Amino acid sequence: MNKTEFITVVGFAISLLFHMTQTEVCPPSCNCKSLGEMKGLHIDCSSRKLTEVPALPVNTKRLYLQNNSLTSVPAGALDSLRSLEEVKIFDNPWNCDCHILYLKLWLEDISPPSLANTRCITPAPMRMKPLKELTGNELGICKRLLPIKHLDFFWRDLILIAGAIITLILVAWALKFSKKLVCQINLSQYDPRG
């Protein structure tokens, strides 16, 4: 077995182990019930005074997080829940700033009814406003919605585009100037005075 094959096997074993622990472990602060073999889990984390979303099994089908102390959900925290069919996330003191954007977009895709029942508590102008009604203007200027790596690519690409545009303008100007120069040379050859 060469080094590449060994690394591949070890990586597969680690990912398999991670997958197994993720699918089988119930968060300690929640009640979990099996919905039957191969049907997934019902995870009830409601009314636990949670301040953050716990690590959840990937085979979660029903997730109840209502009536806690959740104010936001970190970006990507719920992305592994691909088989989710029902989520209840209302009655939490949601802080509707830039950090709520991930939850809003996730709920739009996964559970529009939960999005309609989820309301902002802070800041004061948004109090009791449904999350689905938030607009970009109300979220304020979100300075860092993209990771730094993406911003670096953005600026690099912007500089390359600006350089290409300037180059095209200079080439067009040079062609125009050279055309005038050729015309003047041709005219001077036929000029009887010259």
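For clarity, every value in this text was computed on a predicted model and none was experimentally measured.

Linking two cysteines covalently through their sulfur atoms gives a disulfide. Counted under the stated rule, the structure contains three disulfides. Each sulfur in the disulfide pair Cys30 and Cys45 lies 1.9 Å from the other. Here the S-S torsion is close to 105 degrees, and the disulfide linking Cys30 with Cys45 is therefore right-handed. Of this pair, Cys30 sits in the loop between α1 (3-24) and β1 (31-34) while Cys45 sits in the loop between β2 (41-44) and β3 (60-64); the two residues are 15 residues apart in sequence, bridging distant segments of the chain. Disulfide pairing is shown between Cys96 and Cys120; the S-S distance is 1.9 Å. With the S-S dihedral at roughly -95 degrees, the linkage between Cys96 and Cys120 falls on the left-handed side. Taken together, the positions of Cys96 in the loop between β5 (94-95) and α2 (101-110) and Cys120 in strand β6 (residues 120-122) put the pair 24 residues apart, joining distant regions of the chain. Judged on exposure class, the residue Cys96 and its partner Cys120 are both buried.

This part takes up the pairing of β3. Of all five residues in β3, four are buried, a share of seventy percent or more. Here β2 pairs with β3 via four bridges, running parallel. Residue pairing in the sheet places His42 in a bridge with Arg62 of β3. For β3 and strand β4 (residues 86-88), the ladder comprises three bridges, and the chain directions are parallel. The residue of β4 that forms the bridge with Leu63 is Val87.

Turning next to the sheet that holds β3. Strand order in this open sheet of four strands is β1-β2-β3-β4, and the pairing throughout is mixed. Every interior strand has two partners, whereas the edge strands, β1 and β4, have only one. Taken pair by pair, the neighbouring strands of this sheet meet at an average axis angle of 15 degrees, ignoring direction.

Glancing now at the packing of aromatic side chains. Taken as a whole, this structure holds one aromatic pair when the rule is applied. Lying over the aromatic face of Tyr64, Lys88 brings its terminal NZ or CZ to 4.8 Å of the ring centre.

The set of residues buried in α2 consists of Tyr102, Leu103, Lys104, Trp106 and Leu107. Elements in contact with the buried residues of α2: β4, β5 and α3 (112-117).

Our next topic: the pattern of salt bridges. Once the charged atoms of two side chains with opposite charge are near each other, the side chains can pair. Across all of its chains, the model carries four salt bridges by this definition. Residue Lys88 pairs with Glu86 through a salt bridge whose shortest N-O separation is 3.8 Å. Overall, Lys88 belongs to the partly exposed group, its relative accessible area being 29%. Look at Glu86 and you get partly exposed, because its relative accessible area is 26%.

Rules used in this analysis
Residues numbered from 1 in each chain as written. Predicted model: local features only at pLDDT ≥ 70, side-chain atom pairs only at ≥ 80, totals over all residues. Heavy atoms only, no water. Disulfide = S-S within 2.5 Å. Helix = DSSP H or I, 4+ residues; strand = E, 2+ residues; numbered from the N terminus. Buried < 20%, exposed > 50% of the residue type's maximum accessible area, 1.4 Å probe, protein only. Pairing = 2+ DSSP bridges. Axes fitted to C-alpha atoms, helices over the stretch in contact; angles between N-to-C directions. Phe/Tyr/Trp six-rings, centres within 6.5 Å; stacked < 30°, edge-to-face > 60°. Lys NZ or Arg CZ within 6 Å of the ring centre and 35° of its normal. Contact = heavy atoms within 4.5 Å. Salt bridge = Lys/Arg side-chain N within 4 Å of Asp/Glu carboxyl O.

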